[in-house]
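The chain contents come next:
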Amino acid sequence: MKLFGILILALSFTQCASMKLESNPPFTVNTASYSHITGGLPGNNTLNLMIEFTENQSVDFQKVYFQDKIVTAVIEQKQDKKYIAVRYKTSTGKDKKDLVLNANPEKEYGNTAKTKEEIPFKLKENEAVVSYKVGDKLHYYKIENIKKEKRVFMPTAKPQN
């Protein structure tokens, strides 16, 4: 039984070791900030994380780990600046369950919610990890001290008839 416990402990350390954080990525983070956006439609709440960067070589950004969420990295360009943009809903209450759907209704019988992927990093509220590929190799870079902006309130949208 002790051998089994030691084996599990060793495997958990090897997983953490394979997710080593880079200290010198091929890009530079210029600014990083996030804000909560409320409104537009009743019950609509969104988190908006913007990471401005410049790259020294071609980088394929994959995912962003931020505040217990894993989101696909989206690159946006505004004027002459590049951003990794992360947006996700933070609404609670009347949200629909995130279900595994299929075009064949018979395969949806007994449908259950998708399982939440665990974040392999311990992060503070103002920290994020960006995963990126250079060639075929996957790397991770931690961004600290992300600035929290004021909450943005959007006007309620009028129904369109």
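Right above here is the structure, for reference.
This one's a predicted model, so the numbers in the text were calculated from it and none came from an experiment. (Residues numbered from 1 in each chain as written. Predicted model: local features only at pLDDT ≥ 70, side-chain atom pairs only at ≥ 80, totals over all residues. Heavy atoms only, no water.)

Caption draft 1: Broad picture of the pattern of salt bridges. Inspection of the entire model under this criterion finds four salt bridges. Between Arg87 and Glu76 there is a salt bridge, with the nearest N and O atoms lying 2.7 Å from each other. Within this pair, whereas Arg87 is found in strand S7 (residues 81-89), its partner Glu76 is found in strand S6 (residues 74-78), the two being separated by eleven residues in sequence. With a closest N to O distance of 3.4 Å, Glu127 and Lys142 form a salt bridge. On the criterion of sequence distance, the pair formed by Glu127 in the loop between S7 and strand S8 (128-134) and Lys142 in strand S9 (residues 137-143) is long-range, its members being 15 residues apart. Residue Glu127 is classed as buried on the basis of its relative accessible area of 6%. For Lys142, a relative accessible area of 24% translates into the label partly exposed. (Salt bridge = Lys/Arg side-chain N within 4 Å of Asp/Glu carboxyl O. Helix = DSSP H or I, 4+ residues; strand = E, 2+ residues; numbered from the N terminus. Buried < 20%, exposed > 50% of the residue type's maximum accessible area, 1.4 Å probe, protein only.)

Caption draft 2: Focus on the nonpolar core. With 21 residues, the main nonpolar core has Leu49, Phe61, Val64, Phe66, Ile84 and Ile146 as its most contacted residues. For this core, the elements supplying multiple residues, two or more each, are strand S2 (27-39), strand S3 (45-55), strand S4 (60-66), S7 and S8. Counting residues per element, this core draws most heavily on S3, which supplies four residues. Once you skip the residues sitting within four places of it in the chain, Ile146 turns out to touch Ala32, Ser33, Tyr34, Leu49, Phe66, Asn126, Glu127 and Ala128. With six residues, the next largest nonpolar core counts Tyr65, Ile119, Phe121 and Val129 among its residues. (Core = buried A, V, L, I, M, F, W, Y, C linked by side-chain atoms within 4.5 Å. Contact = heavy atoms within 4.5 Å.)

Caption draft 3: Region of interest: the sheet that holds S8. Across the sheet, five strands lie side by side as S1-S9-S8-S4-S5; this open sheet has mixed pairing. Here the strands that pair on one side only, and so sit at the sheet edges, are strand S1 (21-22) and strand S5 (69-72). Pairing of S1 with S9, which is carried by two bridges, proceeds in the parallel orientation. Residue pairing in the sheet places Leu21 in a bridge with Tyr140 of S9. (Pairing = 2+ DSSP bridges.)

Caption draft 4: Here's a closer look at the packing of aromatic side chains. A complete count under the given rule lists nine aromatic pairs for this structure. The interplanar angle of 85° and the centroid separation of 5.6 Å between the aromatic rings of Phe27 and Tyr141 together place this pair among those described as edge-to-face. Pair noted here: Phe27 is in strand S2 and Tyr141 is in strand S9, with a separation of 114 residues, a long-range link. An aromatic cluster is present here, built from Phe27, Phe53, Phe61, Tyr132 and Tyr141 joined pairwise through their rings. The aromatic ring of Tyr83 is capped on one face by Lys78, whose charged end is 5.9 Å from the ring centroid. (Phe/Tyr/Trp six-rings, centres within 6.5 Å; stacked < 30°, edge-to-face > 60°. Lys NZ or Arg CZ within 6 Å of the ring centre and 35° of its normal.)

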